[in-house]
Amino acid sequence: MDDVRVAEQKKVLNRLRRAQGQLTAVIAAVEGGGNCRDVVTQLAAVSSALDKAGFVIVSTAMRDCLENPDDENSLTVAELEKLFLTLA
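Engineer: Summarise the packing of aromatic side chains; cite the residues concerned and give the values.
Structural biologist: Summed over all chains, the structure comprises one aromatic pair. Ring centres of F55 and F84 lie 5.6 Å apart, and the angle between their planes is 55°; this geometry places the pair in the tilted category. Of the two residues, F55 is situated in helix α2 (residues 36-67) and F84 in helix α3 (residues 77-87); the sequence distance between them amounts to 29 residues. Note on F84: relative accessible area 40%, which makes it partly exposed.

Here is the structure:
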């Protein structure tokens, strides 16, 4: 795995771990009868973190497909489009 790919993977993992921590806080707040505004704000942060992680994953796949179109793991344009739209 090259340095750029390792750096991208690290970014994704950091975002997912942050989202995991935020989701744990949301669950605790709901269980504890937390303030509605705070719960929804925190839930929006979780959603945003997950979306950003997904977009980084898709953009990395796009770059990989452009750089290595004959790779056995390469995705077609239609597959990339479907993945991208899944996040929308």
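Engineer: Describe the layout of surface pockets, and please don't skip the residues or the numbers.
Structural biologist: Of the voids in this model, the largest pocket is the one considered here, and its volume is about 440 Å³. Considering the residues around the largest pocket, the lining is formed by 20 residues, among which R5, T60, A61, D64 and C65 are closest to the centre. The biggest single contributor to the lining of the largest pocket is α2, with eight residues. For the lining of the largest pocket, the residue count by class is eight nonpolar, five polar and seven charged.

Engineer: Which residues make up the packing of α2 against α3, and what values go with them?
Structural biologist: Viewed as axis vectors pointing N to C, α2 and α3 meet at an angle of 170°, and their least axial separation amounts to 10 Å. Taken together, the axes of α2 and α3 are roughly antiparallel relative to one another. Between α2, through D51, G54, F55, V58, A61, M62 and C65, and α3, the contact on the second element is made entirely by L80, L83, F84 and L87. Within the contact of α2 with α3, the residues separate by chemical class into nine nonpolar, one polar and one charged.

About the thresholds
- Along each chain, the written sequence defines residue order, and numbers are assigned to residues from 1.
- Reporting of local features is limited, given that this is a predicted model, to residues whose pLDDT is at least 70; pairs of side-chain atoms are given and counted only at 80 or more, and all residues count toward the totals for whole chains, interfaces and linings.
- The basis for every side-chain value is the complete set of non-hydrogen atoms in the structure, without hydrogens or water.
- Any two of the Phe, Tyr and Trp rings considered here, Trp counted by its six-membered ring, make a pair once their centres fall within 6.5 Å; the pair's planes then place it as stacked at under 30 degrees, edge-to-face at over 60, or tilted in between.
- Helix numbering and strand numbering both begin at the N terminus, where a helix is a DSSP run of H or I of at least 4 residues and a strand a DSSP run of E of at least 2.
- Buried, partly exposed and exposed residues are distinguished by accessible area as a fraction of the type maximum, computed with a 1.4 Å probe on protein chains only: under 20%, between the cut-offs, and over 50%, respectively.
- Computed over the protein atoms alone on a 1 Å grid, cavities are sets of points where a 1.4 Å probe fits but cannot get out and pockets are open sets with protein on both sides within 12 Å along at least five of seven lines; a residue lines them when it has an atom within 4 Å of a point.
- Grid points are joined across faces, edges and corners, and a volume is the space filled by probe spheres set on the points.
- Ten residues, namely Ala, Val, Leu, Ile, Met, Phe, Trp, Tyr, Cys and Pro, are considered nonpolar, four, namely Asp, Glu, Lys and Arg, are considered charged, and the remaining ones, Gly among them, are considered polar.
- Note on geometry: axes are lines fitted to C-alpha atoms, helical ones only across the stretch in contact, with angles between N-to-C directions running from 0 to 180 degrees.
- Each angle gets one of four labels, with under 35 degrees taken as roughly parallel, over 145 as roughly antiparallel, 65 to 115 as roughly perpendicular, and the rest as oblique.
- By the convention used here, residues are in contact when the closest approach between their heavy atoms is within 4.5 Å.

Such coordinate-based values are descriptive only and should not be taken to indicate function.
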